[in-house]
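Single-letter residue listing:
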Amino acid sequence: MSIKIDRENCTGCGSCINSCLYGGITLFDGKAKLIPEKCILCGACVEACPVGAIIIKDEKKEKKIDISQYKGVWIIGEHYNNKIKNYVYQLLGKGRELADKLKVELTLILLGSELDENLEELGMYGADRVIYVKSPLLRNYYSEIYVNVITDLIIEYKPEIVLVGATPIGRDFAPRISKRLQTGLTADCTGLDIDQETRNLLLQTRPTFGGNIMATIRTPNSRPQMSTIRPGMFKVPKKMDKKPKIKIIEGKFKESDISTNIVKIIKRGKKRINLEEAQIVVAGGRGIGSKENFKIIKDLAKELNAEVAGSRVAVELGWIDPERQVGQTGKTISPRLYIACGISGAIQHKVGILCSDIIVAINKDPNAPIFEIAHYGIVGDLHKVVPAITREIRRLKEEEKVRKY
Ligand SMILES: Cc1cc2nc3c(=O)[nH]c(=O)nc-3n(C[C@H](O)[C@H](O)[C@H](O)COP(=O)(O)OP(=O)(O)OC[C@H]3O[C@@H](n4cnc5c(N)ncnc54)[C@H](O)[C@@H]3O)c2cc1C
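Being a predicted model, the structure only gives us computed values, none of them experimental. (Residues numbered from 1 in each chain as written. Predicted model: local features only at pLDDT ≥ 70, side-chain atom pairs only at ≥ 80, totals over all residues.)

Novice: With reference to specific residues and values, describe the overall build of the protein.
Specialist: Secondary structure assignment for the protein yields 11 helices and 21 strands. Principal-axis analysis of the C-alpha atoms gives the protein an extent of 95 × 55 × 50 Å. Counting across all 405 residues of the protein, residues that qualify as buried make up 38%. When contacts within the protein are restricted to residue pairs at least 6 apart in sequence, those whose partners lie at least 24 apart make up 64%. (Helix = DSSP H or I, 4+ residues; strand = E, 2+ residues; numbered from the N terminus. Buried ≥ 20, exposed ≤ 12 C-beta atoms within 10 Å, placed from the backbone. Contact = placed C-beta atoms within 7 Å.)

Structure, rendered in structure tokens:
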């Protein structure tokens, strides 16, 4: 896109300057002049100009692409040390669903060095085809290689949908690719579907305005339709009896192709908390009342062999580690059982737990929004209810031990 100012028509009235929030336009010799470094091409000045002297041109719209050439759903995979990340299987499940609705192929793209043995089993998770770009250099992630290789593959194969994990790595390469391809990218989606009316548009849902509303975004004029999706948003699909077509591309990359150099990968000292893969999560919110009181949550979690989590308020109050925050700005989880104690159920919290199989809420307020999504609700004081549940579980375990003995 570009902005052109017709100096002959410009009257120098200054309406455009007042309309620009970014100081992207000024007066020079009594006529409007663009400051390209500041202009964000929002078009406010175009609308403000009373004589139509400012024109915004969308060169891309002018040379419209032929959308019908684009077919297929792609997932861009990720691995660490050649172990495929769990969220890739979750995306394959969703990708399969979308591909079936569109009646097209589902392809997984992998860039790695020693993934050969894992390729066949990817069919069991729904992939019709795996394109594996292989090079010893791809043991680690390099932004430039990912961007160059994936962009070239997209240009060659023309998929209509490209899904990427909203992980630090996905968030790094996906926007660069979308910029190169001049297409839209919807970040941090929580839901994906195919538009019933057009039968070809991807509906990309994500929280917006601080998570207060859910927006559904479409990419009608460009291809591919690109989205990043947070790990934990979808379930790993049930395995199916399927073998994918496999295409291996030997990447001829050299060290000199990379401008960054990985000096050292430092493992975290602490045991990593994997909330995304936990089967049972017990979480506390403001209702817990203090850091010390979190002990009752930890006690229950211990009995259930569960992970402990918290709401953002619990994190902000310093009651629990930020790594354990669940929700829009924390982790998205999909446990078999989620127990929310003293958590009101704000939308930003709910988006992180919607994939839980069973949600149990304990809250003294019967109107707390958490009860809208809870499968089981206990209205009461958590300081009495939680220890009572813990005691009961201990008692049942003891009984079980005695019975077995
Ligand atoms: C951009 C943005 C991103 C956000 N991201 C997140 C996020 O990722 N995760 C997140 O959690 N929040 C997030 N929030 C904050 C969110 O809006 C809420 O403020 C937060 O979730 C509330 O936390 P809470 O439920 O612990 O506290 P509150 O809303 O204060 O709720 C406390 C609850 O405890 C109950 N209670 C109190 N005492 C007891 C008792 N003795 N027994 C039983 N129940 C009791 C109360 O009835 C109440 O329902 C975000 C907000 C914004 C604007």
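Novice: Break down the sheet that holds strand β9 (residues 129-134) for me, with residues and values.
Specialist: Through backbone hydrogen bonds, the strands of a sheet pair up, either in parallel or in antiparallel fashion. With respect to topology, seven strands assemble into an open sheet ordered β11-β15-β10-β5-β8-β9-β16, the strand pairing being parallel. The two strands at the open ends of the sheet, each matched to only one other strand, are β11 (185-189) and β16 (245-250). For this sheet, the mean inter-axis angle between neighbouring strands, taken without regard to orientation, is 20°. Against the sheet, helix α5 (residues 143-157) engages β5 (73-76), β8 (106-112), β9 and β10 (161-165), with an angle of about 150° to β8. (Pairing = 2+ DSSP bridges. Axes fitted to C-alpha atoms, helices over the stretch in contact; angles between N-to-C directions.)

Novice: Report on the environment of G165, specifying residues and quantitative values.
Specialist: Relative to the elements of secondary structure, G165 occurs in strand β10. G165 sits 44 residues away from E121 along the chain, and the two C-alpha atoms are 20 Å apart.

Novice: Kindly report on the site of the ligand, identifying the contributing residues and their values.
Specialist: Around the ligand, 30 residues are found, and the nearest of them are G285, G287, R312, G327 and S344. Put simply, the parts of the chain that give the shell around the ligand at least two residues each are α8 (312-316), α9 (347-350), β20 (358-363) and α11 (382-404). In terms of residues, the shell around the ligand owes the most to one element, α8, which gives three residues. Within the shell around the ligand, the residues separate by chemical class into eight nonpolar, 17 polar and five charged. (Near = placed C-beta within 6 Å. Nonpolar A, V, L, I, M, F, W, Y, C, P; charged D, E, K, R; others polar.)

Novice: Mind laying out unusual backbone geometry, listing which residues take part and the relevant values?
Specialist: The omega angle of the peptide bond from R223 to P224 is -5°, so this bond is cis rather than trans. Within the secondary structure, P224 sits in the loop between β14 (213-217) and β15 (225-229). The backbone phi angle of Q182 is positive, close to 55°, even though this residue is not glycine. By the C-beta count within 10 Å, which is 12 here, Q182 ends up exposed. Phi angles above zero are rare outside glycine, and D188 is one such case at about 60°.

Novice: Tell me about the environment of K33, residues and numbers included.
Specialist: By the secondary structure assignment, K33 is in strand β3 (residues 31-34). Residue class for K33 comes out partly exposed when judged on the 14 C-beta atoms lying within 10 Å of it. For the pair K33 and R7, spaced 26 residues apart in sequence, the C-alpha separation works out to 8.7 Å. When near neighbours in sequence (up to four residues on either side) are disregarded, K33 contacts T26, L27 and F28.

Novice: Can you explain the packing of helix α7 (residues 294-304) against α11? Please cite residues and give values.
Specialist: Running from amino to carboxyl end, α7 crosses α11 at an angle of 25°, the nearest separation of the two axes being 9 Å. In this view, α7 runs roughly parallel relative to α11, as classed from their interaxial angle. In this structure, the crossing between α7 and α11 has a hand that is left-handed. From α7, I296, I297, D299, L300, E303 and L304 reach across to α11, where they touch H383, V386, P387, I389, T390, I393 and R394. For the contact of α7 with α11, a count of residues per class yields eight nonpolar, two polar and three charged. (Parallel < 35°, antiparallel > 145°, perpendicular 65-115°, else oblique. Left-handed = near helix turned anticlockwise from the far one by under 90°.)

Novice: Lay out the packing of α5 against helix α6 (residues 168-181) in plain terms, naming residues and giving numbers.
Specialist: Contact geometry for α5 and α6: axes closest at 9 Å, N-to-C directions at 45°. When the axes of α5 and α6 are compared, the pair comes out oblique. Read as a crossing pair, α5 and α6 show a hand that is right-handed. Contact residues: S143, Y146, V147, I150, T151 and I154 in α5; D172, F173, R176, I177, R180 and L181 in α6. Residue classes in the contact of α5 with α6 are distributed as seven nonpolar, two polar and three charged.

Novice: Would you mind going over the sheet that holds strand β13 (residues 202-208) in detail, with residue names and values included?
Specialist: If you walk across this open sheet you meet the three strands as β12-β13-β14, and the pairing is antiparallel. Edge strands, defined here as strands with exactly one partner in the open sheet, are β12 (191-194) and β14. Taking each pair of neighbouring strands and ignoring which way they run, the sheet shows an average axis angle of 25°. Looking at chain direction, β13 and β14 are connected through five bridges and run antiparallel. Within β14, the residue paired with T208 across the bridge is I213.

Novice: How would you summarise α7 if you had to cite specific residues and measurements?
Specialist: All of the buried residues in α7 are I296, I297, L300 and A301. For α7, the angular spread of buried residues about the axis comes to 135°, placing them on one side. Remark: N305 follows α7 within two positions and exhibits a positive phi of approximately 55°. (Arc of directions from axis to C-beta.)

Novice: Please set out α11 residue by residue, giving values where relevant.
Specialist: With 23 residues, α11 extends 32 Å from end C-alpha to end C-alpha; this agrees with the ideal 33 Å at 1.5 Å per step. Here α11 has its buried residues at L382, V386, I389 and T390. Turning to α11, the residues buried within the fold contact α7, β19 (337-341) and β20. (Expected span 1.5 Å × (residues − 1).)

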